[in-house]
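# Coordinates in review
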Amino acid sequence: MALFRSLQAIPLKISLFFCFFSGLADAQIVSVDSLKRADSLFIAGDQVNAARIYEMALAEGHTATDPMLLKLASAYEQQNDVPRLLYYLDVYFERHPDDVVLRRMNDIASANNLSGYETDDLNYFYLFYRKYGLYFLLFLLIPAGYVFTVLMLKLVRKQPVFSRQKWIFFAYLILLLIFTNLPEGIQSGITSHDRVFLRADPSSAAPIVEVIGRGHKLSILGTKDIYLRILWHNKLYFIRRDNVWII
């Protein structure tokens, strides 16, 4: 009897399987059609409605293309929505680090009294890392590989390896690991509300240390429940996650 019921359930499972993928395909078709319509509206000069459709597609899970990010930035520049303009430029910058984009964001932010977009040494280091980090990492791996090979040959030949050589090699690997992972472990975000509370602790009962406006860029160092640990003017604070557009 149990076997009979299992056999009866197979056609139902197959039907549900095909219905699911059919619905997924339909959703993708609708999304593609919507994006084509948004492109047409953008070309026709109706950037407001084009931006609305683009963002609906993104909310549905569609991956933003580079042209879409630039069109959204252009649309919000036309609407004088500076925070959203900077957000889409920053997302584009994450994909394509470029000095021109960095300076453009800095100029826009300076004209609107927004912080976090300064062309300082830290941002230029990040720009350098994003553009040339892979090549620099490969350059650093060459001496590490050479020293590792020498140490392994000494161990195979049962030659003495001094402790200082081991510690120097270990310290070099630690620095290499930090260089590889530290910039990738730091996220950025842009405040999305007109009144954003910075707190000393991740709790609504914690005192409000400062109130900042919409459009400021923050460095995100970690999370604690619904709060983000952020760096603001070289000080650590906590901010609600729903008050930030994470880049």
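Before reading on, note that the structure itself is shown above.
A short tour of the structure in this document, coming up.

### Re the pattern of salt bridges
Under the counting rule described, the total for this entry stands at nine salt bridges. Of the charged contacts in the structure, one is a salt bridge between Arg84 and Glu55, with a shortest N-O distance of 3.4 Å. Of this pair, Arg84 sits in helix H4 (residues 82-95) while Glu55 is found in helix H2 (residues 47-59), placing the two residues 29 residues apart along the sequence. Here Arg84 falls in the partly exposed class, since its relative accessible area comes to 23%. Each of Glu55, Asp81, Arg84 and Arg214 takes part in salt bridges that share partners, so that together they form one network.

### Concerning a nonpolar patch on the surface
The grouping of Trp167, Phe170, Ile174, Leu175 and Ile178 at the surface amounts to a nonpolar patch, some 550 Å² of accessible area in total. Mapped onto the elements of the fold, Leu175 is located in helix H7 (residues 163-181). Exposure remark for Leu175: the relative accessible area of 58% places this residue in the exposed category.

### Concerning the packing of aromatic side chains
Counted according to the given criterion, the structure contains three aromatic pairs. The interplanar angle of 5 degrees and the centroid separation of 6.0 Å between the aromatic rings of Tyr76 and Tyr88 together place this pair among those described as stacked. Taken together, the residues Tyr76 in helix H3 (residues 66-78) and Tyr88 in helix H4 connect sequence positions twelve residues apart. Exposure remark for Tyr76: the relative accessible area of 7% places this residue in the buried category. Judged by its relative accessible area of 5%, Tyr88 is buried. With 4.9 Å between their ring centres and 75 degrees between their planes, Tyr87 and Tyr88 make a pair best called edge-to-face.

### Here's the deal with the pairing of strand S1 (residues 187-191)
Most of S1 sits out of view: four of its five residues are buried. Here S1 runs beside strand S4 (residues 217-224); their pairing, made up of four bridges, is antiparallel. By the bridge assignment for S4, Gln187 is matched with Ile220. Bridge analysis of S1 against strand S7 (residues 244-246) gives three bridges, and the strand direction is antiparallel. If you follow Gly189 over to S7, its bridge partner there is Ile246.

### Focus: the packing of H2 against H3
Packing of H2 against H3 leaves a shortest axis separation of 9 Å and a crossing angle of 135 degrees. Accordingly, the angle class assigned to the pair H2 and H3 is oblique. Where H2 crosses over H3, the handedness of that crossing is left-handed. Where H2 abuts H3, its residues Gln47, Ala51, Tyr54, Glu55 and Leu58 lie against Met68, Lys71, Leu72, Ser74, Ala75, Tyr76 and Gln78. Of the residues assigned to the contact of H2 with H3, the class counts are seven nonpolar, three polar and two charged.

### Observations concerning the side chain of Ser115
By the secondary structure assignment, Ser115 is in the loop between helix H5 (99-111) and helix H6 (121-156). Given a relative accessible area of 19%, Ser115 falls into the buried group. Ignoring anything within four residues of it in the chain, the contact list for Ser115 reads His216, Lys217, Trp232 and His233.

### A closer look at the packing of H4 against H5
Running from N to C, H4 and H5 point in directions that differ by 165 degrees, and their axes come no closer than 10 Å. When the axes of H4 and H5 are compared, the pair comes out roughly antiparallel. Every pair of crossing elements has a handedness; the one defined by H4 and H5 is left-handed. Facing H4, whose interface residues are Val82, Leu85, Leu86, Leu89, Asp90, Tyr92 and Phe93, H5 presents Val101, Leu102, Arg104, Met105, Ile108 and Ala109. Considering only residue class, the contact of H4 with H5 consists of eleven nonpolar, no polar and two charged.

### With respect to the environment of Asp194
Tracing the chain through its elements places Asp194 in the loop between S1 and strand S2 (196-199). Of the residues examined, Asp194 reaches a relative accessible area of 64% and is grouped as exposed. Asp194 sits 21 residues away from Gly215 along the chain, and the two C-alpha atoms are 8.4 Å apart. Setting aside its immediate chain neighbours within four residues, Asp194 contacts Ile212, Gly213 and Arg214.

### Thoughts on the pairing of strand S6 (residues 235-240)
Strand direction decides the pairing type here: strand S5 (residues 227-232) and S6, joined by six bridges, are antiparallel. By the bridge assignment, Tyr227 is partnered in S6 with Arg240.

Cut-offs used in this document
Once a new chain begins, its residue numbering starts again from 1 and follows that chain's sequence as written. Under the rules for a predicted model, residues below a pLDDT of 70 receive no local features and side-chain atom pairs below 80 are neither given nor counted, while totals for whole chains, interfaces and linings still include all residues. Each side-chain value is derived from all of the structure's non-hydrogen atoms; neither hydrogens nor water enter the calculation. Any carboxyl oxygen of Asp or Glu that lies within 4 Å of a side-chain nitrogen of Lys or Arg is treated as forming a salt bridge with it. Numbered from the N terminus, helices here are DSSP runs of H or I no shorter than four residues, and strands are runs of E no shorter than two. Think of it in three bands: residues with accessible area under 20% of the maximum for their type are buried, residues over 50% are exposed, and the middle band is partly exposed, with areas taken using a 1.4 Å probe on protein chains only. Patches draw on residues past 30% relative accessible area with no salt bridge. Two like charges within 9 Å are joined, as are two nonpolar side chains (Val, Leu, Ile, Met, Phe, Trp, Tyr) within 5 Å. Reported accessibility uses the Shrake-Rupley method at a 1.4 Å probe radius. Residues are deemed covered only where the shown protein chains occlude them. Pairs were defined over the aromatic rings of Phe, Tyr and Trp, the Trp ring being its six-membered one, requiring ring centres within 6.5 Å. Orientation was assigned from the angle between planes: stacked under 30 degrees, edge-to-face over 60, tilted for the rest. We call two strands paired when DSSP finds no fewer than two bridges between them. Structural elements are reduced to axes, namely lines fitted to C-alpha atoms, with helices fitted over the stretch in contact, and the angle between N-to-C directions of any two is expressed from 0 to 180 degrees. Relative orientations are named as follows: roughly parallel for angles under 35 degrees, roughly antiparallel for angles over 145 degrees, roughly perpendicular for angles from 65 to 115 degrees, and oblique for any other angle. By convention the crossing between two helices is left-handed if the near helix lies anticlockwise of the far one by an angle smaller than a right angle, and right-handed if it lies clockwise. By definition, residues are in contact when any of their heavy atoms lie within 4.5 Å. Only Asp, Glu, Lys and Arg are considered charged in this grouping, and only Ala, Val, Leu, Ile, Met, Phe, Trp, Tyr, Cys and Pro are considered nonpolar; every other residue, Gly among them, is considered polar.

On their own, these measurements won't tell you what the molecule is for.
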